[in-house]
Amino acid sequence: MTAVFIAGTDTGIGKTHAACTLLHALRAAGHSACGMKPVASGCAETPDGLRNGDALALQAASSTAASYASINPIALRDPLSPHLAAAHDGVEISLAPLRAAFDQLTGTYQKVVVEGVGGWLVPLAPGLLAADIAKQWRLPVILVVGLRLGCLNHALLSARTIEADGCRLLGWIGNGIDPAMDAPDENLATLRELLPAPCLGVLPHGMAPAQAASRLAAAVAALG
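This structure is a prediction, so every number in the text was calculated from the model and none was measured.

Asker: Is there a simple way to explain the UniProt feature "active site" (unreviewed entry) in the chain in this structure?
Answerer: What UniProt calls "active site" (unreviewed entry) maps, in this numbering, to Lys37. Turning to its location among the elements, Lys37 is positioned in the loop between strand 2 (33-36) and strand 3 (39-40). Dropping the residues within four chain positions of it, Lys37 is found in contact with Asp54, Ala55, Leu58, Ile71, Asn72, Pro73, Glu115, Gly116 and Val117.

So this is what it looks like as structure tokens:
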């Protein structure tokens, strides 16, 4: 597999953290790897143009520094759902420029980790959802589950929808976002029992991507 799509059960559950950890794991296994954030909202003005923290983290975790424009071809100012942020910026999101950047990266790197925006069904434009990136590009999906109260329902609904959309759910990664979560091991056991794809790793709270990379050996193996 040349590329994989990183989906999340919600906004703010650690897709970027998991994607950066996977990039470090792929690099440690000998692959040239690059992250991509096709659409990002909440970008800051810089002397170099609009920049997004998640996209910059992916760029830093990649084997070499690909151009920012190829990693994040659509950067939007307001920290809103992309369809709203795009409207505020007078931008129309379409798949063509995203695909051009994606093709540039896959032509350069052995593995490309494509991080989605928000959850699976976040709208990008009229008639276009975040899910359409994975669907149109035929990417296998890794679901990042933010481990906190409510994650079981969010994970099961997301997995059901990913498969209903005709995408291959390669597996899931548990991300420890709430260190005070009650019964984490029991929740993980429930996720392993009920989700229709294997657990590809569990990331502890507070561990940096480079240090956590060894915990995603199963994800690296799944990508071949």
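There is more to say, and it comes next.
Asker: Explain the sheet that holds strand 11 (residues 169-175) to me, please; I cannot follow it from the model alone.
Answerer: Two strands in a sheet stick together by hydrogen bonds in their backbones, pointing the same way (parallel) or opposite ways (antiparallel). An order of 2-7-1-10-11-12 is seen for the six strands of this open sheet, with the pairing classed as parallel. Strands with a single pairing partner mark the edges of an open sheet, and in this sheet they are strand 2 and strand 12 (199-203). For this sheet the average axis-to-axis angle between neighbouring strands, irrespective of direction, equals 20°. As judged from the four bridges shared by strand 2 and strand 7 (residues 111-115), these two strands associate in the parallel manner. Note on strand 7: the bridge partner recorded for Cys34 is Val112.

Asker: Please clarify how helix 1 (residues 15-28) should be interpreted in this entry.
Answerer: Think of an α-helix as 3.6 residues a turn; residues three or four steps apart then line up on the same face. For helix 1, built from 14 residues, the straight-helix expectation of 20 Å at 1.5 Å per residue is met to within 8% by its first-to-last C-alpha distance of 20 Å. The buried fraction of helix 1 amounts to ten of the 14 residues, a majority that puts the element mostly inside the structure. Within the span of helix 1, buried status applies to Lys15, Thr16, Ala18, Ala19, Cys20, Thr21, Leu22, Leu23, Ala25 and Leu26.

Asker: It is not clear to me how the side chain of Asn52 should be interpreted in this structure. Could you clarify?
Answerer: Its location among the elements puts Asn52 in the loop between strand 5 (49-51) and helix 2 (53-61). A relative accessible area of 6% means that Asn52 is categorised as buried. For Asn52, the side chain forms a polar contact with the main-chain oxygen of Ser41, separated by 3.1 Å. Here Asn52 is in contact with Ala40, Ser41, Gly42, Cys43, Tyr68 and Asn72, once residues within four sequence places are set aside.

Asker: Can you help me understand the UniProt feature "binding site: Mg(2+)" (unreviewed entry) in the chain in this one?
Answerer: Per the UniProt record, "binding site: Mg(2+)" (unreviewed entry) is found at Thr16, Asp54 and Glu115. Over a stretch of 100 residues, the named residues converge on one spot in the fold, their C-alpha atoms separated by at most 9.2 Å. Once residues within four sequence positions are removed from consideration, Asp54 is found in contact with Thr16, Lys37 and Glu115. Considering the arrangement of structural elements, one finds Glu115 in strand 7. By relative accessible area, Glu115 is classed as buried at 1%.

Rules used throughout
Residues numbered from 1 in each chain as written. Predicted model: local features only at pLDDT ≥ 70, side-chain atom pairs only at ≥ 80, totals over all residues. Heavy atoms only, no water. UniProt positions renumbered as here; feature names shortened; annotations may be inferred. Helix = DSSP H or I, 4+ residues; strand = E, 2+ residues; numbered from the N terminus. Contact = heavy atoms within 4.5 Å. Pairing = 2+ DSSP bridges. Axes fitted to C-alpha atoms, helices over the stretch in contact; angles between N-to-C directions. Expected span 1.5 Å × (residues − 1). Buried < 20%, exposed > 50% of the residue type's maximum accessible area, 1.4 Å probe, protein only. Polar contact = N/O pair within 3.5 Å; in protein donor to acceptor, adjacent residues only side chain to side chain.

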